[in-house]
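Coordinate inspection notes
The chain contents come next:
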Amino acid sequence: MSVRVWRPGYELDLGSVLRPLRRGGGDPTYGRTPGGAVFRATNTPCGPGTLAVRRVGDEVHAEAWGEGAEWLLDGLPALLGAADDPTDFHAHHDIVAEARRAMPGLRLGSTGQVWDLLVPSILEQKVTGMEAFRSFRELCLRFGVAAPGPLPLRVPPTPKALMSITDWQWHKAGVDGARRRALIAAAQVAGRLEKAAELKGAEGRALLRKVPGVGVWTAAEVAQRAWGDPDAVSFGDYHIPGNVGYALVGKPLDDAGMHEVLAPYAPQRQRAVRYIEAAGITKPRRGPRFSPRDYRAM
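Everything in this summary refers to the structure shown in the same document. All values reported here derive from a predicted model rather than from experimental measurement.

1. Here we look at the overall build of the protein
For the protein, the helix and strand inventory stands at 16 helices and seven strands. On C-alpha atoms alone, the protein measures out to a radius of gyration of 19 Å, which is about the 19 Å that the 2.2 N^0.38 rule sets for 298 residues. Projected onto its principal axes, the C-alpha positions of the protein cover 50 × 50 × 35 Å. Across the 298 residues that make up the protein, the buried fraction comes to 53%. At a minimum sequence separation of 6, the contacts of the protein that also span at least 24 residues come to 66%. Carbon and sulfur atoms make up 53% of the accessible area of the protein, which totals about 13900 Å².

2. Thoughts on empty space enclosed by the protein
According to the stated counting rule, one finds two cavities of 30 Å³ or more in the structure shown. Roughly 90 Å³ of internal volume is contained in the largest cavity. In terms of lining, the largest cavity is formed by Leu-21, Arg-23, Thr-29, Arg-40, Ala-41, Thr-42, Asp-116, Leu-117, Pro-120, Phe-136 and Pro-156. Going through the elements one at a time, strand S3 (38-44) and helix H5 (115-123) are the ones with two or more residues in the lining of the largest cavity. Of the residues belonging to the lining of the largest cavity, the class tally is six nonpolar, two polar and three charged. The computed volume of the second largest cavity comes to approximately 50 Å³. If you trace the second largest cavity, you find it lined by Leu-18, Leu-21, Tyr-30, Val-38, Arg-40, Leu-51, Val-53 and Leu-79. Residue assignment for the lining of the second largest cavity shows that the elements contributing at least two residues are S3 and strand S4 (47-56). Among the residues forming the lining of the second largest cavity, the class breakdown is seven nonpolar, no polar and one charged.

3. A look at the nonpolar core
Counting 56 residues, the largest nonpolar core has Leu-18, Leu-51, Val-53, Leu-80 and Leu-208 as the members making the most contacts within it. Residue contributions to this core peak at six residues, all from H5. Residues within four places of Leu-80 in sequence aside, it is in contact with Trp-6, Tyr-10, Leu-12, Leu-14, Val-17, Leu-18, Val-60 and Arg-107. Within the second largest apolar cluster, 21 residues are counted, among which are Val-233, Phe-235, Leu-248 and Ile-276.

4. Observations regarding the layout of surface pockets
In this structure, the second largest pocket spans a volume of roughly 410 Å³. In this structure, the second largest pocket is lined by 26 residues; those nearest its centre are Ala-78, Ser-110, Gly-112, Ala-226 and Trp-227. Those elements that provide at least two residues to the lining of the second largest pocket are helix H2 (69-74), helix H3 (76-79) and helix H11 (196-199). Residue composition of the lining of the second largest pocket, by class: twelve nonpolar, six polar and eight charged.

5. Some points on the packing of H5 against helix H6 (residues 129-143)
With their axes 8 Å apart at the nearest point, H5 and H6 run at an angle of 135 degrees to one another. Accordingly, the angle class assigned to the pair H5 and H6 is oblique. Seen along the crossing, H5 lies across H6 with a hand that is right-handed. Judged by residue contacts, Val-119, Pro-120 and Leu-123 of H5 engage Ala-132, Ser-135, Phe-136 and Leu-139 from H6. Class assignment of the residues belonging to the contact of H5 with H6 gives a composition of six nonpolar, one polar and no charged.

So, how was this worked out
Residues numbered from 1 in each chain as written. Predicted model: local features only at pLDDT ≥ 70, side-chain atom pairs only at ≥ 80, totals over all residues. Heavy atoms only, no water. Helix = DSSP H or I, 4+ residues; strand = E, 2+ residues; numbered from the N terminus. Rg over C-alpha atoms; globule rule 2.2 N^0.38 Å. Buried < 20%, exposed > 50% of the residue type's maximum accessible area, 1.4 Å probe, protein only. Contact = heavy atoms within 4.5 Å. Areas by Shrake-Rupley, 256 points an atom, 1.4 Å probe, with all protein chains shown as cover. 1 Å grid on protein atoms, 1.4 Å probe; cavity = no way out; pocket = protein on both sides within 12 Å on 5 of 7 lines; lining within 4 Å. Points joined across faces, edges and corners; volume = space filled by probe spheres on them. Nonpolar A, V, L, I, M, F, W, Y, C, P; charged D, E, K, R; others polar. Core = buried A, V, L, I, M, F, W, Y, C linked by side-chain atoms within 4.5 Å. Axes fitted to C-alpha atoms, helices over the stretch in contact; angles between N-to-C directions. Parallel < 35°, antiparallel > 145°, perpendicular 65-115°, else oblique. Left-handed = near helix turned anticlockwise from the far one by under 90°.

What follows is the structure, encoded as structure tokens:
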């Protein structure tokens, strides 16, 4: 086990910074302890690793295990938003200004990794969250490895492990053909895709979109987490345009409408969305939830 104590030079809301990395309540790569520590198991360039972070006064205490321990500790400040700069952000709507005042510790964190974020993002394409989280959990449990450290977590499957999955195993995990093909295409060039986190911004997103089956939405979901992209909005999302529209103009919007209403926030449009999401502002529900499909029963 390796340890690090780090003191951020800014207000930090640990929970809101790390929350986007959790993929559903049953995420086998993510854990919490009663003492408030947050655990994340992941692949690193050095091998599997697990990072645990907790607040102790104005310090962050971190512990890490496995081959990737030192790499994870080196990346701790960026993970917790040290590379993020919200100073030039200007709120053009009262509700965004209020959310910003209420949450001064909200930062956009950067994992510095692409692959471990690309897998769940592809799985979340065009299905309910419940379906996607179930598939991700299944793939981690069956094709990932046990995470180092004290909690029974799993590391996501590597590109090599993912390419070994057979058709019937994909089917059992509830992954349809389109998402399966996108995952395999991404696995075949996974090493090159890591450069997206170095390129950042629109250039990094464009590199991800060279993979067949990775579009604007998926690239944005990765960019938001891999390099804390403040302008990467998840256009194409089922819920976000409605929530943003309801928050900013009092009515749900489509992608075109959201693009227009967020235009004044460029190049920090995603930061505005994060304030809206963190404030819990959503459009009223007026219909039944989508029922998840169980591909394993087909």
